[in-house]
Amino acid sequence: MALIEVSNLKKSYGKLDVLKQITFDVNKNDVVAVIGPSGSGKSTMLRSLIHLEEIDGGSICISGEYLVRDGIYSKPQEIKRITSKMGMVFQHFNLFPHLTVKENLELAPRLVKKELNAEIERRSKELLEKIGLSDWATAYPGKLSGGQKQRVAIARALMMNPEILLFDEPTSALDPELTGEVLQVMKQLAEEHMTMIVVTHEMGFAKEVANRVIFMDNGEIIESGHPTELFTNPKFERTKAFLKRSLK
Amino acid sequence: MSINYFISILKPMLEGAQMTVLLFLIAIVLSIPLGFVLTLAVRSSFKPVSWFAQIYIYVMRGTPLLLQLLFICFGLPMLPVIGDYLVLDRFVAACLGFTLNYAAYFAEIFRGGLMAIDKGQYEAAQVLGLNKWQTMTRIILPQMFRIALPAVANESVTLVKDTALLYAVAVPELLHYAQTVVNRDFTIVPFFIAGIIYLILTLLLTVLFKWLEQRFKFD
């Protein structure tokens with residue numbers, strides 16, 4: 001059974017259809033890269049999976065439970081439980097500026113999961129080590145570089161032990177020389193078999209790390225497949241044109 | 001001028017200053033929470049509440065504080081039927097007027113603070129599973145108060161000086177005693193003393209808020 005099943009997803013703003021009949025599955029341990037031109041609906045699609053956007057029709061099923069079925073949403077408590085299986089990393093990090101790095105990591109486990117302090121602190125220490133920012137535990141986000149902020153944001157999401165991690169253009173707000181350190185952490189997560197959906201402009205990451213690439217344009221999935229296949233032998237003209245532009 | 005004379009006029013003025021400080025403290029302690037409640041009311045999705053709050057803020061900011069004070073002290077008792085029950089002690093009436101007026105200004109300051117918070121903060125809190133109350137108390141309000149701090153400081157300094165309006169409703173405060181001595185002894189010294197006392201009070205406030213701003217700097 002697929003971990004995420006999306007079928008016939010529809011969303012429109014007035015007359016503008018931003019998502020038209022989006023259907024795809026994600027299996028456990030998949031790393032899916034979603035690529036496509038700006039305005040193609042890929043961020044909206046990703047955000048609808050974790051209920052940051054409401055869709056107008058279709059179904060989203062996360063590990064066997066319907067977040068929304070044929071356009072009808074589950075009860076708020078159910079939605080909260082289902083979306084808690086996922087973590088999200090944003091383009092602009094969205095760290096809490098008034099909390100230290102350590103507090104950013106520990107706030108949600110403490111308030112939401114109500115775990116024991118010792119367990120929370122053990123995990124935050126371990127994750128800060130993993131992302132190489134142990135020395136920055138008591139710093140405020142304002143003191144960090146963009147790459148460091150995004151690594152903290154990834155650690156903050158991991159603190160909730162999600163089954164699935166969603167990334168919304170995680171390197172787009174970074175200076176080019178800082179994207180490497182973030183992609184490195186994501187690569188490591190992929191190697192540890194974290195299930196990930198990554199909306200990205202990083203073709204290198206899509207090629208190297210993803211085991212599936214979805215190409216979206218104009219609110220539709222044009223084609224999807226293994227990266228080697230999609231990058232070397234795209235079936236559709238629109239995919240070819242986009243890849244030609246992006247790989248230049 | 002003898003030192004004894006100086007002390008003899010300083011003493012009542014310091015007593016007047018106590019009244020100034022007392023009014024300031026009561027007004028600030030009551031108007032900040034009330035202002036915050038107004039901010040929430042303006043943002044309420046229940047429209048009549050939002051409209052009421054907006055009209056309230058418009059009226060309070062759109063008319064002179066002096067007019068409001070005169071209205072509460074001398075206008076309310078003149079209302080038919082209920083007027084007799086609305087004769088307030090002058091100082092109580094002044095506290096009420098200052099609180100109601102300043103709450104409107106603080107409401108606008110806090111509204112600005114809320115608007116300055118990126119919607120990504122709400123989204124991050126949501127995907128981490130925080131509920132509305134936790135998001136508000138742990139994420140949004142601490143940032144809102146930090147953003148609002150310089151404007152709150154500014155408004156507080158204005159409040160110290162506005163306490164001089166007590167003069168108009170005949171509550172004896174700092175300026176009242178200064179003016180009395182000026183008239184009695186035909187000297188301008190009390191005006192200087194009053195000025196210096198106001199400066200000391202506003203200096204204390206400025207230092208306090210600078211400290212608060214440093215304390216909550218977050219970088």
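Worth saying up front: this structure is predicted, and the values here are computed from it rather than measured.

A. Highlighting the interface of chain A and chain B. Between chain A and chain B, the contact holds 22 residues from the first and 19 residues from the second. Counting the surface lost from both chain A and chain B, the interface buries some 1900 Å², and carbon and sulfur atoms represent 65% of this. Its largest share of buried area at the contact with chain B, chain A owes to A:Phe96, A:His98 and A:Leu111, together 30% of the area lost on that side. In this structure, B:Glu123 engages A:Arg47 in a salt bridge whose closest nitrogen and oxygen atoms are separated by 2.6 Å. Where chain A packs against chain B, one counts 7 residue pairs in polar contact (both at pLDDT 80 or more). Elements that contribute at least two residues to the side of chain A that touches chain B include exactly strand S7 (86–89) and helix H3 (101–113) of chain A. When its residues are assigned to classes, the side of chain A that touches chain B shows 14 nonpolar, 4 polar and 4 charged.

B. Focus on the pairing of strand S10 (residues 212–217) of chain A. All names here are of chain A. For S10, the buried fraction is high: 6 of the 6 residues fall into the buried class. Alternating residues of S10 divide into Arg212, Ile214 and Met216 and Val213, Phe215 and Asp217, and every residue in both groups is buried. Bridging between strand S3 (residues 31–35) and S10 involves 4 bridges; their strand directions are parallel. When the sheet's bridge partners are listed, alanine 33 is paired in S10 with valine 213. Two strands pair when backbone bridges link them, and S10 and strand S11 (residues 220–225) are joined in this way by 5 bridges, in the antiparallel orientation.

C. Structural view of the side chain of A:His98. If you trace the backbone, A:His98 turns up in the loop between S7 and H3. The class of A:His98 is buried, set by a relative accessible area of 7%. Here the side chain of A:His98 touches B:Arg138 through a polar contact of 2.7 Å, landing on its backbone oxygen. Residue contacts for A:His98: discarding those within four places in its chain leaves A:Glu103, A:Tyr140, B:Arg138, B:Ile139, B:Pro142, B:Gln143 and B:Phe218.

D. Up close: the UniProt feature "domain: ABC transporter" (unreviewed entry) in chain A. According to UniProt, the "domain: ABC transporter" (unreviewed entry) feature falls on residues 4–243 of chain A. End C-alpha to end C-alpha, residues 4–243 of chain A measures 27 Å, and it is 38% helix and 27% strand.

E. View of the sheet that holds strand S9 (residues 195–199) of chain A. Residue and element names in this part refer to chain A. Reading across the sheet, the 6 strands line up as S7-S8-S9-S3-S10-S11 and stay open at both edges, with mixed pairing between neighbours. A strand with exactly one partner marks an edge of an open sheet, and here the two such strands are S7 and S11. On average, each strand axis in the sheet is inclined to that of its neighbour by 15°, with strand direction left out of account. Two elements, strand S8 (residues 164–168) and S9, share 5 bridges in a ladder whose sense is parallel. Its bridge partner lying in S9, leucine 165 is registered against methionine 196.

F. Looking closely at the packing of aromatic side chains. Residues and elements named next belong to chain B. Evaluation of the coordinates by the stated rule reveals 9 aromatic pairs over all chains. Centre to centre, the rings of phenylalanine 36 and phenylalanine 110 are 6.2 Å apart; their planes meet at 75°, and the pair counts as edge-to-face. Here phenylalanine 110 lies in helix H4 (residues 90–115) and phenylalanine 36 lies in helix H1 (residues 3–42), a separation of 74 residues in the sequence. Each member of the pair, phenylalanine 36 as well as phenylalanine 110, carries the same accessibility label: buried. Aromatic pair phenylalanine 106 and phenylalanine 110: ring centres 6.3 Å apart, planes at 20°, arrangement stacked. Taken together, the positions of phenylalanine 106 and phenylalanine 110, both in helix H4 and 4 residues apart, correspond to about one turn of that helix. Exposure remark for phenylalanine 110: the relative accessible area of 1% places this residue in the buried category. Here the aromatic cluster, defined as three or more aromatic residues joined through ring pairs, consists of Phe36, Phe98, Tyr102, Tyr105, Phe106, Phe110 and Phe145.

G. Spatial organisation of the packing of H1(B) against helix H7 (residues 174–185) of chain B. Residues and elements named next belong to chain B. Put simply, H1 and H7 touch, their axes get as near as 6 Å, and they point 150° apart. Taken together, the axes of H1 and H7 lie roughly antiparallel to each other. Counting all contacts with H1, which are made through Tyr5, Ile9, Pro12, Met13, Gly16, Ala17 and Thr20, the residues of H7 involved are Leu174, Tyr177, Ala178, Val181, Arg184 and Asp185. Its residues placed into classes, the contact of H1 with H7 shows 9 nonpolar, 2 polar and 2 charged.

Definitions and limits used
- All residue numbers refer to position in the chain's written sequence, counted from 1.
- Starting at A for chains and at 1 for ligands, labels are handed out in the order in which the entities are written.
- Two thresholds apply to this predicted model, a pLDDT of at least 70 for residue-level local features and 80 or more for giving and counting side-chain atom pairs, whereas whole-chain, interface and lining totals are computed over all residues.
- Calculated side-chain values reflect all of the structure's heavy atoms, with hydrogen atoms and water omitted.
- Whether two residues touch is decided by their heavy atoms; if any such pair falls within 4.5 Å, the residues are in contact.
- The buried area of a pairing is the accessible area, by a 1.4 Å probe, that goes missing from both parts when the two are put together, added over both.
- Salt bridges are identified by distance alone: a Lys or Arg side-chain nitrogen within 4 Å of an Asp or Glu carboxyl oxygen.
- Polar contacts, as used here, are pairs of N or O atoms within 3.5 Å; protein pairs need one atom able to donate a hydrogen and one able to accept it. Residues neighboring in sequence count only if both atoms are side-chain atoms.
- Secondary structure elements are taken from DSSP: a helix is a run of H or I of four residues or more, a strand is a run of E of two residues or more, and numbering for both begins at the N terminus.
- Charged means Asp, Glu, Lys or Arg here, nonpolar means Ala, Val, Leu, Ile, Met, Phe, Trp, Tyr, Cys or Pro, and polar covers whatever is left, Gly included.
- Here's how the labels work: a residue is buried when its accessible area is under 20% of the maximum for its type, exposed when over 50%, partly exposed in between, all with a 1.4 Å probe on protein chains only.
- Strands are labelled as partners when DSSP assigns at least two bridges between them.
- UniProt positions are given in the numbering used here, feature names are shortened, and annotations may be inferred rather than shown by experiment.
- Structural elements are reduced to axes, namely lines fitted to C-alpha atoms, with helices fitted over the stretch in contact, and the angle between N-to-C directions of any two is expressed from 0 to 180 degrees.
- Ring pairs shown here join Phe, Tyr and Trp side chains whose ring centres sit within 6.5 Å, with only the six-membered ring taken for Trp; geometry is labelled stacked below 30 degrees between planes, edge-to-face above 60, and tilted in between.
- Note on terminology: angles under 35 degrees are roughly parallel, angles over 145 are roughly antiparallel, angles of 65 to 115 are roughly perpendicular, and the others are oblique.

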